[in-house]
Amino acid sequence: MASPTEQFAITPLSGPLFHISNAPIAFTNSAAFMVAVVLIVVVFCLTTSARPSLVPGRLQNVGELFYEFVANTVRQSAGHDAMGFVPFVFALFSFVLVANLLGLLPYSFTVTSHIIVTAALSLLVIGTVIVYGFAKHGVGFLKLFVPSGVPGWLLPMLVVIEVISFLSRPISLSVRLFANMLAGHIALKIFAGFVTSLLAAGFWSVLSPLPLLLTVALSALEMLVAVLQAYVFAVLTSIYLHDALHPGH
Amino acid sequence: MDPVAAKYIGAGLACLGMAGAGIGLGNLFGQFLSGSLRNPSAADGQRPTLLLGFALTEALGIFSLLIALLLLFAV
């Protein structure tokens, strides 16, 4: 039986295109699925906004719902003055959402189940927060690490804790998404493996529908998790952007 | 100790961390239910917060499951 981790294997679809210090860079299945994700999002946005009218039709309604959902999330978690970041959060949200959902199809590849992808996304978020925070507030951005209204003797300790909590954000943001996808897909494969091993077990094969039912239930849970993790990624991004806009507590 | 045995024992121990996530999720949904039965009209507005809390709490359980899976398949 194939190992449950085989589904995450990255295989080159082309020969090496070029080399970076002797490491061959090829067009892999991961890259192919990322291109597919971006294509799906772009085609969706283009078709839903192809013929905009004041009274939206069915397609335009779907697109507007999607966009306003992200806009409301940003407004609630980051405030009105963060509305300039809506396209950024929308791009992140739609990329993660479509990548998660595409990975649920059998025989497909989950882009977000690799920590290098989610780490790149979360470093982009944290980099945006740091660069924008310093550009907008200058040194005042460092007030983020100094909570107001604390007794002086407690302050040095709290500053250290705040710095550590800020530095652990990209780690928790990336590991949360990656671990959810990885663990969910491995659990699906393990329960699917129970079906085949029970079928080969003689009399006890009458029990084989049970893990099959569990696989169906787990698929439903994975669908929820795929959407929820994309939403959580967007919400946490807006919360971190709120810190960049209002560093004082 | 046999390293393979230690690996499997470690994977089992890592799964204990999921107990914390279970307590947290039970607490989360229980408190939401008791709150929303007291004031049903306010429950709908708090559903996104509930789901956000669910995802954040569940992720911590997944972290310990991840350690177990790493021990089983990657080490």
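Residues numbered from 1 in each chain as written. Chains lettered and ligands numbered in written order. Predicted model: local features only at pLDDT ≥ 70, side-chain atom pairs only at ≥ 80, totals over all residues. Heavy atoms only, no water.

### Re the packing of aromatic side chains
All names here are of chain A.
- On inspection of all chains with the given rule, the structure shows 13 aromatic pairs over all chains.
- With 5.6 Å between their ring centres and 80 degrees between their planes, F66 and F90 make a pair best called edge-to-face. Here F66 is found in helix α2 (residues 58-78), whereas its partner F90 is found in helix α3 (residues 86-103), with 24 residues between them in sequence.
- Owing to a relative accessible area of 21%, F66 belongs among the partly exposed residues under this scheme.
- Ring centres 5.0 Å apart and planes at 85 degrees place the aromatic pair F85 and Y132 in the edge-to-face group. In this pair, F85 is assigned in the loop between α2 and α3 and Y132 in helix α4 (residues 115-137), connecting sequence segments 47 residues apart.
- Residue class for F85 comes out buried when judged on its relative accessible area of 12%. (Phe/Tyr/Trp six-rings, centres within 6.5 Å; stacked < 30°, edge-to-face > 60°. Helix = DSSP H or I, 4+ residues; strand = E, 2+ residues; numbered from the N terminus. Buried < 20%, exposed > 50% of the residue type's maximum accessible area, 1.4 Å probe, protein only.)

### Quick look at the confidence of the model for chain B
Residues and elements named next belong to chain B.
- Of the residues in chain B, 100% have a pLDDT of 70 or more, and the chain-wide mean is 90.
- Taken element by element, the predicted model of chain B shows its lowest mean pLDDT in helix α4 (residues 47-74) (87) and its highest in helix α2 (residues 17-38) (94).
- Across the interface, the model reports ipTM at 0.78; the global pTM reads 0.88. (pLDDT = per-residue confidence, 0-100.)

### Observations regarding the interface of chain B and chain A
- With 14 residues of chain B at the interface, the matching set in chain A holds 20 residues.
- Overall, the association of chain B and chain A removes approximately 1,400 Å² of surface from exposure, summing both partners, and the carbon and sulfur fraction of that is 85%.
- Counting every contact that joins chain B to chain A gives zero salt bridges.
- Our count for the chain B to chain A interface comes out at zero residue pairs in polar contact (both at pLDDT 80 or more). (Contact = heavy atoms within 4.5 Å. Buried area = accessible area lost by both parts, 1.4 Å probe. Salt bridge = Lys/Arg side-chain N within 4 Å of Asp/Glu carboxyl O. Polar contact = N/O pair within 3.5 Å; in protein donor to acceptor, adjacent residues only side chain to side chain.)

### Re the packing of α2 of chain B against α4 of chain B
Residues and elements named next belong to chain B.
- Following both chains from N to C, one finds α2 and α4 inclined at 170 degrees, their axes separated by 7 Å at the closest point. By the angle between their axes, α2 is roughly antiparallel relative to α4. Residues G17, M18, A21, G24, L25, L28, F29 and F32 of α2 touch α4, and the partners they reach there are R47, L50, G53, F54, T57, E58, G61, S64 and L65.
- Class assignment of the residues belonging to the contact of α2 with α4 gives a composition of nine nonpolar, six polar and two charged. (Axes fitted to C-alpha atoms, helices over the stretch in contact; angles between N-to-C directions. Parallel < 35°, antiparallel > 145°, perpendicular 65-115°, else oblique. Nonpolar A, V, L, I, M, F, W, Y, C, P; charged D, E, K, R; others polar.)

### With respect to the pattern of salt bridges
- Scanning the model with the defined rule gives two salt bridges over all chains in all.
- Between R169 of chain A and D243 of chain A there is a salt bridge whose closest N-O contact spans 2.9 Å. Here the residue R169 of chain A occupies a position in helix α6 (residues 169-199), and D243 of chain A occupies one in helix α7 (residues 209-245), the gap between them amounting to 74 residues. You'll find R169 of chain A and D243 of chain A in the same group, each marked buried.
- D44 of chain B serves as the salt-bridge partner of R47 of chain B, at 3.2 Å between the closest nitrogen and oxygen.
- D44 of chain B gets classed as exposed once you look at its relative accessible area, which sits at 55%.

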